[in-house]
Amino acid sequence: MDEQQKHSETSHPADQASQSRPNGAAAGKPGDPRGPVKRHRGRTIALIVAALVIVGVVLWRWHPWGGPGAAGGAAGARGASGASGASGARAGGRGGRGGMGNLPQPVHVASAVQGEMPVVLTALGTVTPLATVTVLPQLSGVLQDVYFKEGQMVRKGDVLAQIDPRPYQISLENAQGTLVRDQALLQTARLDLKRYQTLLAQDSIASQQVDTQASLVRQYEGTVKSDQASIDSFKLDLVYARITAPVSGRVGLRQVDPGNYVTSNLATGIVVITQLQPISVIFTTSEDNLQQIIQHTQNGEQLSATAYDRANTTPLEVGSLKTMDNQIDTTTGTVRLRALFNNNDSKLFPNQFVNTRLLVDTIKDAVIVPTTAVLNGSMGQFVYVVKPDNTVTVRQVKIGPVDGERTSIQSGLQVGERVVIDGSDRLREGAKITIPADRPRGASGAHGAHAGSGAWAAGASGASGAHGHRHKRDAQASE
């Protein structure tokens, strides 16, 4: 009985083991199907874990918004070497928000200087010639010749065209013949009057006859003067038949060709001459500036005026203010002014739009900064002033006249103080700055990028090592 119980207890574990094996297969035998299934599942899980680790490293490397918890989980999955690489990437790479906020901002600065600031009035003007003449014929006739070329520069008195003068020459000769005849009659009448006066002194004739002869002499004198006037008129016609330039300037396009019969009431004329040298520019300015202009012009001072192109960048001609209009336009509150330019290089053309700058005054010893340094905000106009410790402070200023890229400061800034002229959009009160002249731009950033690249490489190496280790372990289990 005792031997049966012992035998039963000895065989019981073996029976339990045999019952736990399906189909009576022995453990560790080649025919057991459970070993390959387990090994296949282990390799699949290892590959999935390795892929998740690599994806996590990439996302954590390129997206700094990943939280510390995620970074810690990724570091735990990668192991000690991966955690070390991730820590190096966060420290030397992009950095967090707090790190960027404390970094010095690179800016460009300039010092406030003292100098002369011109007070300039800028207005849009129109180039207006001093004279525009339409050349019309003064008499009727056939246009024989035209002596000018279109677009030619002519001087006053140059011959432009010729009308057939022969009819007027004939009329002149006829008037001259009439004058000779009337002069002979006048001479005879005067001799008769002289004889009649002698006879009247001898009381040989009546005084009435003497008076009649004296009246006839005066009549002939009038006829002779009329004949002389006719001669002068025909001579003038001959002058008008030779058309000359009334002013100096540039001729336009020819309106009438030779061979046409022209009259004195020709609507278009023969040609139009526009005076270009000198030439004027008419522009307007506000009535608020009128007293300042009058104050200088009344003293005999000539205000300098400069004409710029439409882009207001290239000066075309330098002249002076000539005069102003005699009344203010009530609809716009402006007054018109005329500036005179020599225009020797013909850079100004009639009806051209130009920007006119009138120099009214010059401020001595003004505080001048670049225009880009002055900013506009809710509190008004201000600048960023650089302190000795390379931090900036906001300083409200009051500006004066502006001359293109220079701005004068009336109050709020001293000569020698440095102001930010570029990069101010990233600044605030008390912000730290770095000046490229003092510290090479991007040096610290390049160093951080290098460290970040090394950390990213270390993390990738750690993930690759973990992945290779799992493959090696799976291979050993398979063997």
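These numbers come from a predicted model, not from an experiment. (Residues numbered from 1 in each chain as written. Predicted model: local features only at pLDDT ≥ 70, side-chain atom pairs only at ≥ 80, totals over all residues. Heavy atoms only, no water.)

In this structure the tally under the stated criterion is one aromatic pair. Ring centres 5.8 Å apart and planes at 85° place the aromatic pair Phe382 and Tyr384 in the edge-to-face group. Classification of Phe382 by relative accessible area gives buried; the value is 10%. Judged by relative accessible area, Tyr384 falls into the buried class, the value being 8%. The cationic tip of Arg357 hangs over the ring face of Tyr308; the distance from NZ or CZ to the ring centre is 4.0 Å. (Phe/Tyr/Trp six-rings, centres within 6.5 Å; stacked < 30°, edge-to-face > 60°. Buried < 20%, exposed > 50% of the residue type's maximum accessible area, 1.4 Å probe, protein only. Lys NZ or Arg CZ within 6 Å of the ring centre and 35° of its normal.)

Another aspect to go through is unusual backbone geometry. Here the bond from Gln277 into Pro278 is cis, since omega is 0°, no more than 30 degrees from zero. Relative to the elements of secondary structure, Pro278 occurs in the loop between β11 (271–274) and β12 (279–286). Positioned with a positive phi, Ser346 is a non-glycine residue whose angle comes to about 55°. Positionally, Ser346 belongs in the loop between β15 (334–341) and β16 (353–370). Classification of Ser346 by relative accessible area gives partly exposed; the value is 31%. In this structure, Asn390 takes a positive phi of about 60° despite not being glycine. Within the fold, Asn390 resides in the loop between β18 (380–386) and β19 (392–396). Residue class for Asn390 comes out partly exposed when judged on its relative accessible area of 27%. (Helix = DSSP H or I, 4+ residues; strand = E, 2+ residues; numbered from the N terminus.)

Among the nonpolar cores identified, the biggest contains 22 residues, and Phe283, Phe341, Leu348 and Leu358 are the most heavily contacted of them. Among the secondary structure elements, those contributing two or more residues to this core are β3 (113–129), β12, α8 (290–297), β13 (304–308), β14 (315–324), β15 and β16. At four residues, β15 tops the list of elements feeding residues into this core. Counting 20 residues, the second largest nonpolar core, distinct from the first, contains Leu139, Val146, Tyr168 and Val271. (Core = buried A, V, L, I, M, F, W, Y, C linked by side-chain atoms within 4.5 Å.)

What follows concerns the side chain of Ser408. For Ser408, the location among the structural elements is in strand β21 (residues 406–411). A polar atom in the side chain of Ser408 sits 2.9 Å from the backbone oxygen of Pro401. With residues up to four places along the chain from it excluded, the contact list for Ser408 reads Met117, Ala366, Val367, Ile368, Ile399, Gly400 and Pro401. (Polar contact = N/O pair within 3.5 Å; in protein donor to acceptor, adjacent residues only side chain to side chain. Contact = heavy atoms within 4.5 Å.)

Take the sheet that holds β11 next. Pairing within the open sheet is antiparallel, and its four strands lie in the order β4-β11-β9-β6. At either end of the open sheet lies a strand with only one pairing partner, and these are β4 (132–135) and β6 (153–154). In terms of strand pairing, β4 meets β11 through four bridges, oriented antiparallel. Looking across to β11, one finds that Thr132 is bridged to Thr274. (Pairing = 2+ DSSP bridges.)

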